[in-house]
Amino acid sequence: MQFAALSSVKHRIQVNTPLPFNVRSADKTLMLARGQRIDTQHQLDALFERGALVDIAELQTAREEVMKAPRSQLPQLWSRSMDRVAQAIRQSPGDAGFRHALDEASTPVLSLIERDPDLAIFQVLRQGAGADTDYGARRSLHAAITSHLVAHRLGWDSADADRAFKVALTMNLSMLELQGQLARQTVLPSPEQRAALQTHPMRSVQMLELAGVTDADWLQAVLHHHEGEDGSGYPSGRTDVGDLASLARRADMYTSKLASRSDRDSLAADVAGRQMFMQDPGHPMTAALVKEFGVYPPGCHVRLTSGELAIVVARGPSVTTPVVACLTNGRGVPLLSPVRRDTTDRTHAVLAVVGEGSVSVRMPVEQLLKLAAA
């Protein structure tokens, strides 16, 4: 390994912000692991004075790491990156470095979406966190991934697509904990909870401003993300909503249908898509969203005409012929390892989407990903 002085990369370090690389002592002993924080400027200066080092191999940018990584490492990078984003948006915007932490955490996720959009859709469908403490953060991240994918399908430039990601990621910043509470409870929201829901757009904007966000388009979109073009939304019932807010609202609606709660199971992907069309007929954003995810998006479970249970691992040559990995044989017996099937063959055509609640067979994403690229 080759090392560089920590002081030579001090522009990449901020106090009270997760470290982007490991920090080692002058004798190369690990002192601080990637993701740990340096609490004060005095502590950081002390590391410089003591000759702390960093491995040069770790200095590649987050985007370079994603783009150069072997395909087999992408699931691990997704898991790590999603955890970092969830951690970033859960910290108080009043903390020093909140905005920097948000940007640092978002970059690898945006790169992962660019590297493999099918695997990005897989993350949204395979919800992972249920009605627990991570529910709000994960819901925000799934809506953000969806917004970014749809923005690109709509032909938005990279800057606007990245802004759409940030809007969806932060629109519920003021109610992450409340979202988890509502997902766990089986009774209707209390008056206090309803009031918090009604005011959360304004409070989220206030939190972003506290964190130093000055992008007017970003802030306006967060403020208006529950407004409808027909004036039926809240908090003001306005009709001049704006594209960023409109996209965030639709991404939120769609991903909420895919998320399970204590009082209901998640909807199957094809049902969620149909409901979006029925609720919002003819709107180009909804059409683009449903087209991007398709009838059988990566991550959804399907039953084949052969009787096999499979999971979609990539979009195929047509909307009805996805790339699938079988998890059971035709009699429902779990397989030791997944088997790829050609759904263009009538004997292995997709028969129906299978709801998440009836699926008990799970396999590592790494195994499934190998079949997606076969």
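Per-chain numbering applies: the sequence of each chain, read as written, is numbered from 1 onward. For a predicted model such as this one, the threshold for reporting local features is a pLDDT of at least 70, and the threshold for listing and counting side-chain atom pairs is 80 or more; totals across whole chains, interfaces and linings nevertheless cover every residue. To obtain the side-chain values, all non-hydrogen atoms of the structure were used and water was disregarded.

A.B. asks: Whenever I open this one, the nonpolar core confuses me. Can you help?
C.D. replies: Among soluble globular proteins, nonpolar side chains are generally buried collectively. By nonpolar core is meant a set of buried Ala, Val, Leu, Ile, Met, Phe, Trp, Tyr and Cys residues that side-chain atoms within 4.5 Å join together. Any residue under 20% of the maximum accessible area for its type is buried, any over 50% is exposed, and the rest in between are partly exposed; the area is computed with a 1.4 Å probe on protein chains only. Membership of the largest hydrophobic core comes to 88 residues, with the highest contact counts inside it found for W78, I145, F165 and V302. If we skip the residues at most four places from it in the chain, I145 touches W78, V109, I113, A120, Q123, V124 and F165. Membership of the second largest hydrophobic core comes to 15 residues, among which are A4, V9, F48 and A52. Pairs of residues are marked as contacts when any of their non-hydrogen atoms sit within 4.5 Å.

A.B. asks: What should I look at first to understand the packing of helix 3 (residues 74–90) against helix 6 (residues 135–153) in this one?
C.D. replies: A pair of packed helices is captured by two measures, namely the crossing angle of their axes and the spacing between those axes. Note on geometry: axes are C-alpha line fits, over the in-contact stretch for helices, and angles between N-to-C directions span 0 to 180 degrees. Secondary structure is summarised from DSSP: a helix means a run of H or I of at least four residues, a strand means a run of E of at least two, and numbering begins at the N terminus for each. At a closest axis distance of 9 Å, the pairing of helix 3 and helix 6 adopts a crossing angle of 115°. Where helix 3 crosses over helix 6, the two elements pack in a sense that is right-handed. Only A137, R138, S140, L141, H142 and I145 of helix 6 make contact with helix 3, whose side of the interface consists of W78, M82, D83, V85, A86, I89 and R90. Under the convention adopted here, Pro, Cys and the residues Ala, Val, Leu, Ile, Met, Phe, Trp and Tyr are nonpolar, Asp, Glu, Lys and Arg are charged, and Gly plus all remaining residues are polar. Each residue belonging to the contact of helix 3 with helix 6 can be placed in one class, and the counts come to eight nonpolar, two polar and three charged. The crossing is said to be left-handed when, going from far helix to near helix, the turn is anticlockwise and less than a right angle, and right-handed when the turn is clockwise.

A.B. asks: How do you make sense of the pattern of salt bridges when you look at a structure like this?
C.D. replies: If charged atoms from side chains of opposite charge come close, those side chains can pair. Note on definitions: salt bridges are taken to be side-chain nitrogens of Lys or Arg within 4 Å of carboxyl oxygens of Asp or Glu. A full pass over the atoms with the stated rule returns 20 salt bridges. Its salt-bridge partner being R139, residue D252 comes within 3.0 Å of it at the nearest N-O pair. On the criterion of sequence distance, the pair formed by D252 in helix 11 (residues 243–258) and R139 in helix 6 is long-range, its members being 113 residues apart. Per residue, the accessibility class of D252 equals that of R139, and both read buried. One connected set of salt bridges, linked through shared partners, spans D118, R153, E292 and R315.

A.B. asks: Explanation requested: helix 10 (residues 216–223) in the structure shown.
C.D. replies: Within helix 10, burial applies to W218, L219, A221 and V222. Angular distribution of buried residues about the axis of helix 10 spans 165°; they occupy a single face of the element. In this fold, the buried residues of helix 10 make contact with helix 4 (98–115), helix 7 (158–170), helix 9 (191–210) and helix 11. For helix 10, the N-terminal cap is D215; the gap from its side-chain oxygen to the backbone nitrogen of D217 is 3.0 Å. Picture the helix axis, draw a direction to every C-beta atom, and the arc is the one those directions span. Contacts described as polar in this section are N or O atom pairs within 3.5 Å, which, within protein, must combine one atom able to donate a hydrogen with one able to accept it, while residues neighboring in sequence count only if both atoms come from side chains.

A.B. asks: Would you explain the sheet that holds strand 7 (residues 323–328) in this entry?
C.D. replies: Hydrogen bonding along the main chain pairs the strands of a sheet, whether they run parallel or antiparallel. DSSP bridges decide pairing: two strands pair if at least two such bridges lie between them. Within the open sheet, the five strands sit side by side as 8-7-6-5-9. Their pairing is antiparallel. Two strands in the sheet have a free side with no partner beyond their single neighbour: strand 8 (334–342) and strand 9 (350–354). Averaged over all neighbouring strand pairs, the angle between strand axes comes to 35°, with direction disregarded. In this structure, strand 6 (residues 309–314) lies alongside strand 7, joined through four bridges in antiparallel fashion. Counted as the bridge partner of V312 is V324 from strand 7.

A.B. asks: Quick question: what am I supposed to make of the environment of Q220 here?
C.D. replies: When you line up the elements, Q220 lands in helix 10. Taking the C-alpha atoms as reference points, Q220 and P201, separated by 19 residues in sequence, lie 9.6 Å from one another.

A.B. asks: Hey, could you run me through the packing of aromatic side chains in this one?
C.D. replies: Remark: the centre distance and the inter-plane angle together describe each pair of aromatic rings, the angle taken between the planes. Pairing of aromatic side chains requires ring centres within 6.5 Å, counting the rings of Phe and Tyr and the six-membered ring of Trp. Pairs whose planes differ by under 30 degrees are stacked, by over 60 edge-to-face, and all others tilted. Taken as a whole, this structure holds one aromatic pair when the rule is applied. Consider the rings of Y254 and F293, whose centres lie 5.0 Å apart with planes at 70°: the pair is edge-to-face. Linking Y254 in helix 11 with F293 in helix 13 (residues 284–293), this pair joins segments that are 39 residues apart in sequence. The residues Y254 and F293 share a single accessibility class, namely buried.

A.B. asks: How do you make sense of the environment of V324 when you look at a structure like this?
C.D. replies: Locating V324 in the fold gives a position in strand 7. The class for V324 is buried, based on a relative accessible area of 0%. When the C-alpha atoms of V324 and Q36 are compared, they prove to be 39 Å apart, with 288 residues separating the residues in sequence.

Function cannot be read off these values alone, since they describe shape.
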